[in-house]
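Structure assessment
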Amino acid sequence: MDDEPLALNDMERQLHKLGGIEICGKFGNAKDALDALGALDPNVIFLDIDMPVMNGLEAALLFQEALPGARIVFVTAYQEYALKAFEVNALDYLLKPVLLPRLAQTLQRLESAAPAPSAAANAETSGAQAFIRCFRSLSVEYGPNATQLAWRTNKAQELFAFLLHRRGQQTRKDTLIELLWPELAPERSYALLYTTVYQLRKSIEAAGIGIRILNTKAGYELTTDDIVIDVDDWERRMPLADENLPDQLQEYESWLEAFTGDYLEEQDYEWADAERRRLRILWYRYALRLAALLEEHGMPAYGLDWLYRVQSRFPYSEDVYFLIMKLHAALGENSMVEQQYALLVKMSEDQYGHPPSADIAAWYAGRRTDVPTQAIDP
């Protein structure tokens, strides 16, 4: 494939001269070649690098995406592309003008090269233990030293995160493009999508972990085999309704503490907002339930500690302020009740533009009539 007709015809002539090669097609641009790829099913692709619209390095990733077993041989007039060419796993790199003896060496390398490993083979040989974290920040850890999978770009990380978010479901390519590259022309955005998927697969393959990004009819699907994902594991270990005995409360606390931050909090993807809210509310409800159980079992100070933890994560919840005030009142800690009410008044006015709700204000006012007046004897 070459956008220069003379160079394209010269390569065809030299390959015929050497023999042993069946030329199934020749093209002047990457788009036409990609459109014909399924019908041709080549074993090797000779590819110029310096081409308009889509250069050979970008096109190579698309070819490898579509035909993982095909070998790539780059042909170019520019020596500086050599390193980048081998970064995309090219079999060889030829400089123009291509000399017949050098082309013969390339054909010998093609004959002796082992077949490129298929996606299925890679999946079978993968097996390094891995753990995926989604609380607070996305990370994929694997191996005995908990090595973290590296992301080449922020877009690669978000693509992985979105496919993980929808794990086990097909995600259409146009959905991914609208999410990641909505401002780009279709040809450029599809090239970036294929490149990013290819790079993710290579990183996962190098780590040897059981994560697969599968091609579907219209998009991709991510599967994780038996890899532990912290949010899934956390929900699986959710306390049952009857787990409220004193000897079970420590395990209850440990479960809540495993919620180390909001879902993909540091990445702050808008598409994760609904899941982020769902998990936050789940933690909120169970943390309030634990605080009530601790008070019920004669440990109000520990209950207060959990109420303050909830307040730090949900600083705009009137209900939490009210629960803290009532528990301080039950413990006879009047100054703390005053402090919490003052904080509630400020929060409510700053955030909502009005004083605390009538029920809380009435409780506070009624309670203050019971507090003895302290007079100073001159």
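Placed above this text is the structure.
Here is a short report on the structure shown in this document. In this text the structure is predicted, and so the values were computed from the model without any measurement. (Residues numbered from 1 in each chain as written. Predicted model: local features only at pLDDT ≥ 70, side-chain atom pairs only at ≥ 80, totals over all residues. Heavy atoms only, no water.)

1. Details of the overall build of the protein
Here is the rule we go by: Only DSSP runs of H or I reaching four residues or more are called helices, and only runs of E reaching two or more are called strands; each is numbered from the N terminus. When a residue's accessible area, from a 1.4 Å probe over protein chains only, is under 20% of the maximum for its type it is buried; when over 50% it is exposed; and in between it is partly exposed. In what follows, residue pairs with any heavy atoms lying within 4.5 Å of each other are defined as contacts. With residues, only the protein chains shown are counted as cover, and all accessible areas are computed by Shrake-Rupley using a 1.4 Å probe.
When helices and strands are tallied, the protein shows 16 helices and 10 strands. The buried share of the protein, reckoned over its 378 residues, is 42%. Restricting to contacts in the protein with at least 6 residues of sequence separation, those with at least 24 account for 59%. Accessible area for the protein stands at about 20600 Å²; split by element, carbon and sulfur atoms hold 51% of it.

2. Regarding the packing of helix α8 (residues 173-180) against helix α9 (residues 186-207)
The condition is simple: A fitted line through C-alpha atoms serves as each axis, taken over the contacting stretch for helices, and the angle formed by two N-to-C directions is quoted from 0 to 180°. When an angle is under 35 degrees it counts as roughly parallel; over 145 it counts as roughly antiparallel; between 65 and 115 it counts as roughly perpendicular; any other value is oblique. Gly counts as polar in this scheme, as do all residues outside two lists: the nonpolar Ala, Val, Leu, Ile, Met, Phe, Trp, Tyr, Cys and Pro, and the charged Asp, Glu, Lys and Arg.
Remark: α8 packs on α9, axes separated minimally by 10 Å, with the N-to-C direction vectors making an angle of 100°. The angle between the axes of α8 and α9 places the two elements in the roughly perpendicular class. Across the interface between the two elements, Lys173, Asp174, Leu176 and Ile177 from α8 touch Ser189, Tyr190, Leu193 and Tyr194 from α9. Residue composition of the contact of α8 with α9, by class: 5 nonpolar, 1 polar and 2 charged.

3. A short note on unusual backbone geometry
If a residue is not glycine, its phi is most likely negative; likewise, a peptide bond is most likely trans. Along the chain, Lys96 connects to Pro97 via a cis peptide bond; the corresponding omega equals -5°. As for its position among the elements, Pro97 is in the loop between β3 (92-95) and α5 (100-112). For Asp268, which is not glycine, the phi dihedral falls at a positive 55°. Within the secondary structure, Asp268 is located in the loop between α11 (249-257) and α12 (273-296).

4. Notes on helix α13 (residues 300-313)
Worth spelling out the cut-off: By this rule the span expected of a helix is its residue count minus one, scaled by 1.5 Å. Starting at the helix axis, one direction is taken to each C-beta atom, and the arc is that of these directions.
A rise of 1.5 Å per residue sets the reference length of α13, with its 14 residues, at 20 Å; its end C-alpha atoms lie 20 Å apart and thus fit the reference within 8%. Buried within α13 are the following residues: Gly303, Leu304, Trp306, Leu307, Val310 and Gln311. Buried residues of α13, seen end-on, are gathered within an arc of 165° and therefore sit on one face of the element. What points out from α13, more than 90 degrees from its buried face, is the exposed set Ala301, Tyr302 and Ser312.

5. Some points on the pattern of salt bridges
Heads up, the rule is: We define a salt bridge as a side-chain nitrogen of Lys or Arg found within 4 Å of a carboxyl oxygen belonging to Asp or Glu.
The final tally for this structure, using the stated rule, is 21 salt bridges. When the shortest N-O distance is used, the salt bridge between Arg212 and Asp225 registers 2.9 Å. Taken together, the residues Arg212 in strand β8 (residues 212-215) and Asp225 in the loop between β9 (219-223) and β10 (228-229) connect sequence positions 13 residues apart. A relative accessible area of 32% places Arg212 in the partly exposed class. A salt bridge links Arg278 to Glu235, with the nearest nitrogen and oxygen atoms 2.6 Å apart.

6. Remarks on the pairing of β9
Let me state the cut-off plainly: A pair of strands counts as paired when DSSP detects no fewer than two bridges linking them.
By the criterion of burial, β9 is predominantly enclosed, with 5 of the 5 residues buried. Pairing of strand β7 (residues 171-172) with β9 involves 2 bridges; the strand directions are antiparallel. Residue pairing for β9: Arg172 is matched across the bridge by Gly219. Alignment of β8 against β9, held across 4 bridges, turns out to be antiparallel. Pairing of Leu214 across the sheet is with Glu221, part of β9. Linking β8 to β9, which pair antiparallel, is a turn of 3 residues.

7. Details of the side chain of Arg367
Residue placement: Arg367 occurs in helix α16 (residues 358-368). Sequence-distant contacts of Arg367, defined by excluding residues within four places in its chain, comprise Ala329, Asn334, Val337 and Glu338.

8. Points about the packing of aromatic side chains
Note the threshold: Any two of the Phe, Tyr and Trp rings considered here, Trp counted by its six-membered ring, make a pair once their centres fall within 6.5 Å; the pair's planes then place it as stacked at under 30 degrees, edge-to-face at over 60, or tilted in between. Lysine and arginine charges are scored as sitting over a ring when NZ or CZ, respectively, is within 6 Å of the ring centre and within 35 degrees of the ring normal.
In this structure the tally under the stated criterion is 16 aromatic pairs. Here Trp151 and Phe160 contribute two aromatic rings whose centre-to-centre distance is 5.1 Å and whose plane-to-plane angle is 45°, an arrangement assigned as tilted. For Trp151, a relative accessible area of 21% gives the class partly exposed. Seen from their ring centres, Trp283 and Trp306 are 6.3 Å apart, and the 50° between their planes marks the pair as tilted. You can see Trp283 sitting in helix α12 and its partner Trp306 sitting in helix α13, a full 23 residues away along the chain. Residue class for Trp283 comes out buried when judged on its relative accessible area of 4%. Following the ring pairs from residue to residue traces out a cluster consisting of Phe135, Trp234, Tyr252, Trp255, Phe259, Trp283, Tyr284, Tyr286, Trp306 and Phe314. The residue whose ring lies beneath Arg280 is Phe314, and the NZ or CZ to ring-centre distance is 4.3 Å.

9. Comments concerning the sheet that holds β9
If you trace the 3 strands from one edge of the open sheet to the other, you get β7-β9-β8, paired in antiparallel fashion. Pairing within the sheet leaves two strands with one partner each, and these edge strands are β7 and β8. In the packing of helix α7 (residues 154-165) onto the sheet, contacts are made with β7, β8 and β9, and the angle to β9 comes to roughly 75°.

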